[in-house]
Structures are given as C-alpha cells and as structure tokens.
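For reference, the chains in residue letters:
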Amino acid sequence: MKIAILTSGILPVPAVQGGAVENLIDFYLEYNSQYHLHDITVYSVWNPHISQHPALLADCNHYKYIDTSSLWVKIRRKIYGLCHRHEYYNYYIEYFFERAWQDIKHKDYDCIMLENRPGYAVKLSQRGVCNMVLHLHNDLLNATTPHHQEIFDNLSRILTVSDYIKSRVSTITPSNKLQTVHNGININSFSVKSTPTITRQSFGLSDADFLMVFSGRINKDKGISELIDAMLQLHDYPQVKLLVIGSTFFGDADNEDNFVRSLKAKARPILQRIIFTGFVPYHQMPAYLQMADVAVIPSIWNDPFPTTVLEAQAMGLPILTTRQGGIPEEVTERNAVLLDTNEHFVENLSVAILDLYVNSDKRRQMAETSLERAKLFDKETYAHNFFNAIESLL
C-alpha cells in the first residue's frame, strides 16, 4: 500500500525535538523499514537536526520536508493567515497543510494518515480525497467538535490511542470504523541498567531518601501543583523527596512561565526536598527514572494515554496516578495506586505517598508487576497492531 502521513505541522519527524506523537510515528516507521510492509511518505516540518538522521536512509520510508522557519516563509505564512482568516486551524498549521497538499495532489496514494489532525479531513474531502485514516491521540473529535459529522463521515477508519478517546468519538455515533491501538514504548531503552549513568549523589540525594519522580510537561493539567501541596502536608518526613523533570514545552526551551514560577514559590518552604531539573533529553530519561522509588503521574485532566506511565512501568516503578482518561487502561491496581481527583485529592495523595514510603514490601510487589505489565506495551506490538488496523482497508 502507498501511504502518505500528514503530521501535525508543529514538530518534526524523526522526533529530534521530542513529542509523544512524533515518537510514535517513528516507532511504526521503524517497524515498516524492518519488515518492508508499505511505501510510506511522511510530510513533516523541517529541522536542521534531521539532516544526518539514520531514519532517512530507509528505502521504504520517504520524507518530504516543509520549511516553516525561514524569514521568507514566515512572511508568506503571515500573508496566508491574513487572506484566510476562517480556517479550521491557525494559519501556521494551515500553511503547512497547503504546502504538503501541493505535493500530495500529484501523487496517487492508497491511504492518507492524518496524525492527530481531524480538521485536515475537511479540506481533503472537499478536494476529492477518499480513504483517509485518522490516528487520534487527543480528545479532538467528539459531538462538540466543529464539523464533527463531516469529518467523521469522510474518514475510512479512526484509530484511537485509548478506549477513553474511542468513547469520546463515539459521542458522534457508535461505529465499527473506530478501533483502539494502544501506544507503545521502547522497553529495551526503558530498562534498569547495572551501571547507572546518573546517580542520586549528583543531586545531593542519599540512598536512604525516598525519591518520587514526576516527568512530563509542566502545566496545570498534569497535577504537579497538587503534588507539591501533598508534599507540603508531609513536612514531618524529610526523607520524602521529589524530582520534577520537564519544562513548559517540548524541546530544550526552559523559559519559565508564571505557572512554573508559582510552583517554585509554593515549594520554597521545602525546596531542599524538591528538585526541578528542567528539560531532560528523552534518551536520558531512563537514567533519571532509575534513581526513583516511585513514579507519580497525578493528572487532573482526562489524559488520553500518557507514555510517561508506560515508561515508569517499564522501569519497574510502582506508580501513583489517577483514574483520569486512558490511564486505567495502562495499569492495574496491582502495580498502581489509582486516585480520584475529587475535593480530597491532595489529602489522599499525601496518604498514598506515605503508605508507599513506609511499605517497602508493597513497593517491591508493585515493581515486579510493573515489569511484567510493561511487556504488553512494547513498540513492536504497537506498530504491529497499527498496521493491522489499516491493512484491513485493502
């Protein structure tokens, strides 16, 4: 099958700037390169770090790059935005789409994969394109979405990253065109190494400390503020420490926004117990996770299917998280403490932290279950299921 992949138009593929969606695209492209399943062309924004990337050597994956950063392009993009004020997305994304379309319209693709951009289906269907598949990573298509019926009707298949996202699309209408394909990770990368490359001592931590790790983008939805509130309630337990890994956006931009500044101000009374690392390159994440006793993913929004949970699980960590979105599909109550995000959330979070702190046997059993469950979410299983879902369109 000859397939076109329309990416988000924000971050590049290969995922040299990170991004969960972009990493997942890399996984199925790697699988396609290994097994020579399909002829795939990826339409992506350009980034100079891509030029020597080994993925570009694959003979069945092809990459078409669109300049979105040069001065001349920025001017053209602004002009496009002024002339097209009522597009589905903002002018930045719509400009990327139109540049990709200039190449797509001359090709004869069997299938066009829309990566997390349901709105692309509106223009493509109006231009006579059929056999579109939406790979939906977020809650972007439901009964309240603009043009939801037009988008839904013109898609041949909708692959959702979780049953939660599937249920949201089903608010339009239940359909057999919906199929869940759970995300995966590279469990070979996320594995415990006998000789760690990063040690607790480098952060002023001791082996006797009970170290929790939070990783991900730093925003209100991720529950990091509530986690710090819970830490403040544990003032009588100085050995309970927290490592906060991440920044406000993707890549190595560590410019603090008002929210991050407010977190640090809140944490000031216990700042010796909370370490903010800022952005950490993805390839270094396993080493950071290996230092921890417990992973805390306290999402207070309906997180679709966060890969941070899968990564912590693969590292054999007990997990303290919430019943939000697709998270309960990733773990079981044998390796995770699942909390409700109600008015007692902070109090229950502090109680759960303390329970894990004092109960090493419980942590050990949870860790063993995490390692076993992680095998269900390796990147090969994900890619295999992904291609099975779209090959049924033939």
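Basis of the calculations
- Every residue gets a number counted from 1 within its own chain, in the order that chain's sequence is written.
- In keeping with the predicted nature of the model, local features appear solely for residues at pLDDT of at least 70, side-chain atom pairs appear and are counted solely at 80 or more, and the whole-chain, interface and lining totals rest on all residues.
- Hydrogens and water molecules were not included; the side-chain quantities draw on all heavy atoms of the structure.
- Strands are runs of DSSP state E lasting at least 2 residues, helices are runs of H or I lasting at least 4, and numbering of each runs from the N terminus.
- Computation of the radius of gyration draws on C-alpha atoms, with the globule rule given as 2.2 Å multiplied by the number of residues to the power 0.38.
- Note on classification: 1.4 Å probe, protein chains only; a residue is buried when its accessible area is under 20% of the maximum for its type, exposed when over 50%, partly exposed between these limits.
- When checking whether two residues touch, look at their non-hydrogen atoms; a contact exists if any pair is within 4.5 Å.
- For every accessible area listed, the method is Shrake-Rupley and the probe measures 1.4 Å; residues are considered covered only by the protein chains on display.
- Counting rule for charge: Lys and Arg are taken as positive, Asp and Glu as negative, and neither His nor the chain ends is counted.
- By convention, the point assigned to a charge is CZ for Arg, NZ for Lys, CD for Glu and CG for Asp.
- In short, DSSP must find at least two bridges between two strands for them to pair.
- To obtain an axis, a line is fitted to C-alpha atoms, over the contacting stretch when the element is a helix, and the angle between two such axes runs from 0 to 180 degrees between their N-to-C directions.
- The definition of a nonpolar core used throughout is a set of buried Ala, Val, Leu, Ile, Met, Phe, Trp, Tyr and Cys residues joined through side-chain atoms within 4.5 Å.
- A pair is scored as a salt bridge if a Lys or Arg side-chain nitrogen falls within 4 Å of a carboxyl oxygen belonging to Asp or Glu.
- Points on a 1 Å grid over protein atoms alone make up a cavity when a 1.4 Å probe fits among them but cannot get out, and a pocket when they form an open set with protein on both sides within 12 Å along at least five of seven lines; lining residues each have an atom within 4 Å of a point.
- Grid points are joined across faces, edges and corners, and a volume is the space filled by probe spheres set on the points.
- Note on residue classes: Ala, Val, Leu, Ile, Met, Phe, Trp, Tyr, Cys and Pro are nonpolar, Asp, Glu, Lys and Arg are charged, and everything else, Gly too, is polar.

1. A short note on the overall build of the chain
Phase 1 of the analysis: Counting its secondary structure elements, the chain contains 13 helices and 13 strands.
Phase 2 of the analysis: Relative to the 2.2 N^0.38 estimate, which gives 21 Å for 394 residues, the radius of gyration of the chain is 22 Å and therefore close to what a compact globule would have.
Phase 3 of the analysis: The burial tally for the chain puts 53% of its 394 residues in the buried class.
Phase 4 of the analysis: Counted over contacts in the chain with a minimum sequence separation of 6, partners at least 24 positions apart contribute 68%.
Phase 5 of the analysis: Of the roughly 17,500 Å² that the chain leaves accessible, carbon and sulfur atoms contribute 51%.
Phase 6 of the analysis: Computing the positive centroid from 36 side-chain charges and the negative centroid from 43, the chain places the two 5 Å apart.

2. Thoughts on the sheet that holds strand E12 (residues 319-322)
Within a beta sheet, neighbouring strands are joined by backbone hydrogen bonds and run either parallel or antiparallel to one another.
Phase 1 of the analysis: Strands sit in the order E10-E9-E8-E11-E12-E13 across an open sheet of 6 strands; the sheet is parallel. Here the strands that pair on one side only, and so sit at the sheet edges, are strand E10 (274-278) and strand E13 (336-339). Neighbour-to-neighbour, the strand axes of the sheet open up by a mean angle of 20°, direction not taken into account.
Phase 2 of the analysis: When strand E9 (residues 240-245) meets E10, the two strands line up parallel, connected through 4 bridges. Within E10, the residue paired with Ile245 across the bridge is Gly278.

3. Some remarks on the sheet that holds strand E2 (residues 39-45)
Phase 1 of the analysis: Pairing within the open sheet is parallel, and its 7 strands lie in the order E3-E2-E1-E4-E5-E6-E7. One side of each edge strand has no neighbouring strand; the edge strands of this open sheet are strand E3 (61-66) and strand E7 (178-180). With strand direction ignored, the average angle separating the axes of adjacent strands in the sheet is 20°.
Phase 2 of the analysis: Examined bridge by bridge, strand E5 (residues 132-136) and strand E6 (residues 155-160) share 5 bridges and lie parallel to one another. When the bridges of E6 are listed, Leu136 appears paired with Thr160.
Phase 3 of the analysis: This element, helix H13 (residues 379-391), spans strand E1 (2-6), E2, strand E4 (111-115), E5, E6 and E7 of the sheet and lies at about 160° to E6.

4. Brief notes about the nonpolar core
Phase 1 of the analysis: Judged by nonpolar contacts, the single largest core of 66 residues is most densely connected at Leu6, Ile112, Leu114, Tyr120, Leu124, Leu141 and Leu155.
Phase 2 of the analysis: The leading source of residues in this core is helix H3 (residues 91-104), at 6 residues.
Phase 3 of the analysis: In contact with Leu155, other than residues within four places in its own chain, are Leu114, Ala121, Met132, Val133, Leu134, Leu141 and Lys177.
Phase 4 of the analysis: Formed by 31 residues, the second largest nonpolar core is a distinct cluster that contains Met212, Leu234, Leu263 and Val294.

5. What to know about the pattern of salt bridges
Phase 1 of the analysis: Enumeration according to the criterion identifies 17 salt bridges in this entry.
Phase 2 of the analysis: Between Arg200 and Asp293 there is a salt bridge, and its shortest N-O distance comes to 2.8 Å. One end of the pair, Arg200, is in the loop between E7 and strand E8 (210-215); the other, Asp293, is in the loop between helix H9 (285-290) and strand E11 (294-297), and 93 residues separate them in sequence.
Phase 3 of the analysis: Judged by its relative accessible area of 8%, Arg200 is buried.
Phase 4 of the analysis: Across the salt bridge formed by Glu333 and Arg323, the nearest N and O atoms sit 3.5 Å from each other. Of this pair, Glu333 sits in the loop between E12 and E13 while Arg323 sits in the loop between E12 and E13, placing them 10 residues apart in sequence.
Phase 5 of the analysis: Judged by its relative accessible area of 61%, Glu333 falls in the exposed class.

6. Here's the deal with empty space enclosed by the protein
Phase 1 of the analysis: If you walk through the whole model with that rule in mind, you get 1 cavity of 30 Å³ or more.
Phase 2 of the analysis: The volume enclosed by the largest cavity comes to roughly 30 Å³.
Phase 3 of the analysis: As for the largest cavity, its lining consists of Val213, Ser215, Leu289, Ala295, Ile297, Thr308 and Ala312.
Phase 4 of the analysis: Where the lining of the largest cavity is concerned, the elements lending two or more residues are E8, E11 and helix H10 (307-314).
Phase 5 of the analysis: The residue makeup of the lining of the largest cavity, split by class, is 5 nonpolar, 2 polar and no charged.

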